[in-house]
Amino acid sequence: MAKKEIEFSKEIYRKDSERMIENISGRISPEDYLRCLEPWAKASEKYCYVCPDRQDLECYGPGYNGWGVQTNQKAFAAYAVLAADPCFDESGAGIPRRTVLERALRTLRFSLQSHMEGTYHCTDGTSWGHTWISALGIERMMHGIEAIREHLTDADHELLQRVLISESNWLMDAYDIVAGTVENNRPESNLWNGAILHRTAAMYPDSPRADEYREKGTRFLLNSISVASDALSNVMVEGKPLSEWHIGDNFFTSYACNHHGYLNVGYMVICLSNVAMLHFTYRKRNIEAPEALYHHVTDLWQLIKRCTFRDGRLLRIGGDTRVRYCYCQDYVIPMWIMMTEHFGDTDCPNFESGWLTQVEREIITNGDGSFLSQRCRELASVSPLYYTRLEADRAVTLSMGAYWRRIFDVPSVVRDKKAIQISLPGLWYDDYHGACLHRSNKRITSWVWIAAEGPQGLCLPQDGSDLAEWRQNLAGQVKGEGKINFPEVRSHYEIQFKGGFLTSGSMFIRSENLIAEGQKNEIIALQKVIFVALPDETTVMVMQQAVSPGRRVYLTSVKGMQFQVPNDLFNGNNRVYYFAGSSQQLQGFGSEEELLNLDSSWVNIEDRLSIIGVYGEKSLSLFRPGRRQIGLKDDKKEAGGMLYADEICYPCCRTLHSVNANTVLFDIGFIVQAGATHEETADYVSTEKCIQLDTSSCPDIRTMLVVGADGKSYLLMANLGQVPVTARVRLPGVKKVFNLVTKLTLTPDTDDIISQKLGSGKVQLFRIEKE
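In this text the structure is predicted, and so the values were computed from the model without any measurement. (Residues numbered from 1 in each chain as written. Predicted model: local features only at pLDDT ≥ 70, side-chain atom pairs only at ≥ 80, totals over all residues. Heavy atoms only, no water.)

A. A look at the sheet that holds strand E35 (residues 713–719). Spatial strand order, E33-E34-E35-E40-E37-E38: 6 strands in an open sheet with antiparallel pairing. Strands at the two margins of the open sheet, each flanked by one partner only, are strand E33 (690–691) and strand E38 (745–746). Note: strand E34 (residues 701–707) against E35, 7 bridges, orientation antiparallel. The residue bridging Ile 701 from the neighbouring strand is Asn 719, located in E35. (Pairing = 2+ DSSP bridges. Helix = DSSP H or I, 4+ residues; strand = E, 2+ residues; numbered from the N terminus.)

Structural data, given as structure tokens:
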């Protein structure tokens, strides 16, 4: 990226932020969505394709079966909403309304004619339909059909009916409903398949199988957002107890969802987005929706809202395997509008406003009307299918916002962001994933063991969405010779207490897909992590230790700590870092790769967050990757990265080197403080408010003594060894200590020594009471 482009990006960030505050604060309107969507109508032409042997058919994207079909269906809906909106600005969009309408009709007809019921085919020569996911694209495009219904011919309506009946009959006759929290986890597909059955019955009530569609549709819906207690529930649904409808639970009792093998906040959103699509169809038709459609919606919403930053970005505590700020993030829009319109949540317009600000910022940065052309340039060059799929996700969800806010009376007041309620403040916990999330007015902190690229932790101020990156954050990183390197969690446990939590666990680090013939996949390290959220609304304490296996191995990267700081267009592409005796303003994307030794035990990010090394290394390092390195899972380098992040490490080694058996790679302790300024941090360190105590008599014991933001002192003790030991630490002047894990109070002996027996891998946390 040229320097001129970077400076332009910074100016865009400043001016855009000012303009969006002026234009969107107060009320959210359909025109706010339309303004984001209009430039795309012209920009999308780059990926439009008119079938050479059927000039009446056109597709957006490659037009292949599968995701190609759904990409085109989503684009159709966006074109349709634009063409139908009386406020569409032809001059601003750079394209006539008539052209957009004609494109909408051609892309719809391509979708219908390439189905098994049609007379044409996808561009790969196949016909689509009759799969577990065929209904999804249909559901996502139906508001577009509603928007331009009067422009459809009788032949269009007839073929649409045949497609919906065909898909519904296949679901009736060839598809079984299954559900499960881990195996057969199908919450989202059960929802969209149940939705299309109910939709077909509502649109074609005289269909011979309409009653069958409704009955199986209800069973699908009740086994979408389903939990174990449903199996015993006597609540009556359509004349039968819920227990008789129940097939399996897709969600844990905590409402955690294990989709694609990890705690997947994004797919919780996908479920509610599909609820919204059918909900607004019933609203448009002025008929009552089936009660099964809203089964556990408000229960799931409480968790999703808790996992949402105040500016609308999802707080993906379990991570993401795909492009950041995309896909599931886009589908928050239909969910929010439904939660406002039907359930009366007054915070959702603020979420909408915040998210649209981020969307428009990226549009302006791109400068070509597209949504993702700059961040996803490399992806577009190797996979037009993947790229257009992402563009269409954003287009279709913006079209939902523009359409539903135009035709329905949806509350629109945007309040001061400080007025947004934190849904269920305090602690949320899920046992299966080893997931803890604590939110307060000052801090967001979480840890998840079974995560997309986990384990991963967060400690952020409430307004810190732009500081959030998930991939193995705060978990350290060790890489070997293999193309794929990942942790395999061996064990973990969690303790919750008022105002915080403690978790401890261990994992093997595996390196796979090595280049040399016959070279086997290998374990390259054993790593232990302890993560403690103190009950002070500010501080997190972390201990990490990584040791090589009982053999020589080659390593390509060793990073202790690994706190990732996104530094891209969403924060103006520059960060200010403060550290002992100095500060630096550093450009993000477009900068050169470098490793900076900060010569400091602490660093503060823009007076919003501090990290302080307590033991193990002399100084923090800042690794600057020189490229957008945050991308798709499994390091698909050919797709490039889609988000730049600086990496704060403690220590950092980026050169190929070999290590002997049982070598300590890092053995560190540090704290993170949400909301701290650099002046406060400098004073905190200089007055020795975070120290390691002497445990030389027990070499496997690690300790940290920290003064919390509440003025209280906390002692963390951990046994990293293989056998139980009794740890002894001297605490002069202390009268007693309260164990937050065991809830017991201990009194020092006459030599001011506290003794605590610790099993292998066990941790204790004490609050020190001097009086």
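B. Fine view of helix H14 (residues 348–366). Over its 19 residues, H14 extends 27 Å from the first C-alpha to the last, a length consistent with the 27 Å expected when each residue adds 1.5 Å. When you tally the buried positions in H14, you get 18 out of 19 residues, the bulk of the element. Gly 367, located one to two residues past H14, shows a positive phi value of around 75°. (Expected span 1.5 Å × (residues − 1). Buried < 20%, exposed > 50% of the residue type's maximum accessible area, 1.4 Å probe, protein only.)

C. Structural context of unusual backbone geometry. For the peptide bond that leads from Gly 454 to Pro 455, omega is 0°, which places it in the cis range. Cis peptide bonds are those with omega within 30 degrees of zero, and the linkage from Tyr 650 to Pro 651 qualifies with 10°. Along the polypeptide, Pro 651 turns up in the loop between strand E29 (645–649) and strand E30 (652–653). Phi is positive for Gln 472, close to 50°, though the residue is something other than glycine. By the element assignment, Gln 472 lies in the loop between strand E12 (456–461) and strand E13 (477–479). Positive phi outside glycine occurs at Asn 513, with the angle close to 60°. Within the secondary structure, Asn 513 is located in the loop between strand E15 (500–512) and strand E16 (522–533). Asn 513 sits in the partly exposed class, given a relative accessible area of 44%.

D. Structural context of the environment of Met 141. Structurally, Met 141 can be placed in helix H6 (residues 134–147). Residues Met 141 and Pro 30, 111 residues apart in the sequence, show an inter-C-alpha distance of 18 Å. Filtering out sequence-adjacent residues up to four positions away, Met 141 remains in contact with Gln 73, Phe 76, Ala 77, Leu 108 and Ser 111. (Contact = heavy atoms within 4.5 Å.)

E. Focus on the pattern of salt bridges. Counting across every chain of the model gives 46 salt bridges. Across the pair Arg 98 and Glu 102 runs a salt bridge whose closest N-O atoms are separated by 3.3 Å. Taken together, the residues span about one helical turn, with Arg 98 and Glu 102 both in helix H5 (residues 97–113) at a distance of 4 residues. Owing to a relative accessible area of 32%, Glu 102 belongs among the partly exposed residues under this scheme. Between Asp 156 and Arg 109 there is a salt bridge, and its shortest N-O distance comes to 2.8 Å. One end of the pair, Asp 156, is in helix H7 (residues 154–174); the other, Arg 109, is in helix H5, with 47 residues separating them in the sequence. (Salt bridge = Lys/Arg side-chain N within 4 Å of Asp/Glu carboxyl O.)

F. Seen up close, the packing of H5 against H7. Running from N to C, H5 and H7 cross one another at 40°; their axes reach a closest spacing of 10 Å. The angle between H5 and H7 places the two elements in the oblique class. Taken as a pair, H5 and H7 cross one another with a handedness that is left-handed. Contacts between H5 and H7 involve Arg 109, Leu 112 and Gln 113 from the first element and Asp 156, Leu 159, Leu 160 and Val 163 from the second. (Axes fitted to C-alpha atoms, helices over the stretch in contact; angles between N-to-C directions. Parallel < 35°, antiparallel > 145°, perpendicular 65-115°, else oblique. Left-handed = near helix turned anticlockwise from the far one by under 90°.)

G. Just the confidence of the model for the protein chain, in detail. Scored by pLDDT, the protein chain has a mean of 95; 95% of the residues are at 70 or more. Taken together, the stretch residues 1–10 has pLDDT below 50 and engages in 15 contacts with residues farther than four places along the chain or on a different chain. Of the regions scoring below 50 in pLDDT, residues 19–24 engages in 14 contacts with residues more than four places distant in sequence or in other chains. (pLDDT = per-residue confidence, 0-100.)

H. Representation of the pairing of E15. Extensive coverage of E15 is indicated by the burial of 10 of its 13 residues. Inspection of the sheet shows strand E14 (residues 484–497) paired to E15 by 13 bridges, in the antiparallel sense. Bridge pairing in E15 links Glu 488 to Phe 508. If you look at the hairpin formed by E14 and E15, you'll find 2 residues sitting between the two strands, and Gly 499 has a positive phi there, around 90°. Where E15 and E16 come together, 11 bridges link them in antiparallel fashion. Of the residues in E16, the one forming a bridge with Leu 502 is Val 532.

I. Spatial organisation of the sheet that holds strand E32 (residues 664–674). The 9 strands lie next to each other as E14-E15-E16-E17-E32-E25-E24-E21-E22, forming an open sheet whose pairing is antiparallel. Pairing within the sheet leaves two strands with one partner each, and these edge strands are E14 and strand E22 (582–587). For this sheet the average axis-to-axis angle between neighbouring strands, irrespective of direction, equals 20°. Here 6 bridges tie strand E21 (residues 574–579) to E22, and the two strands are oriented antiparallel to one another. From the neighbouring strand, Val 576 faces E22, where its bridge partner is Gln 585. The strands touched by helix H17 (residues 678–686) are E21, strand E24 (602–605), strand E25 (609–615) and E32; relative to E24, the strand with the most contacts, the crossing angle is about 165°.

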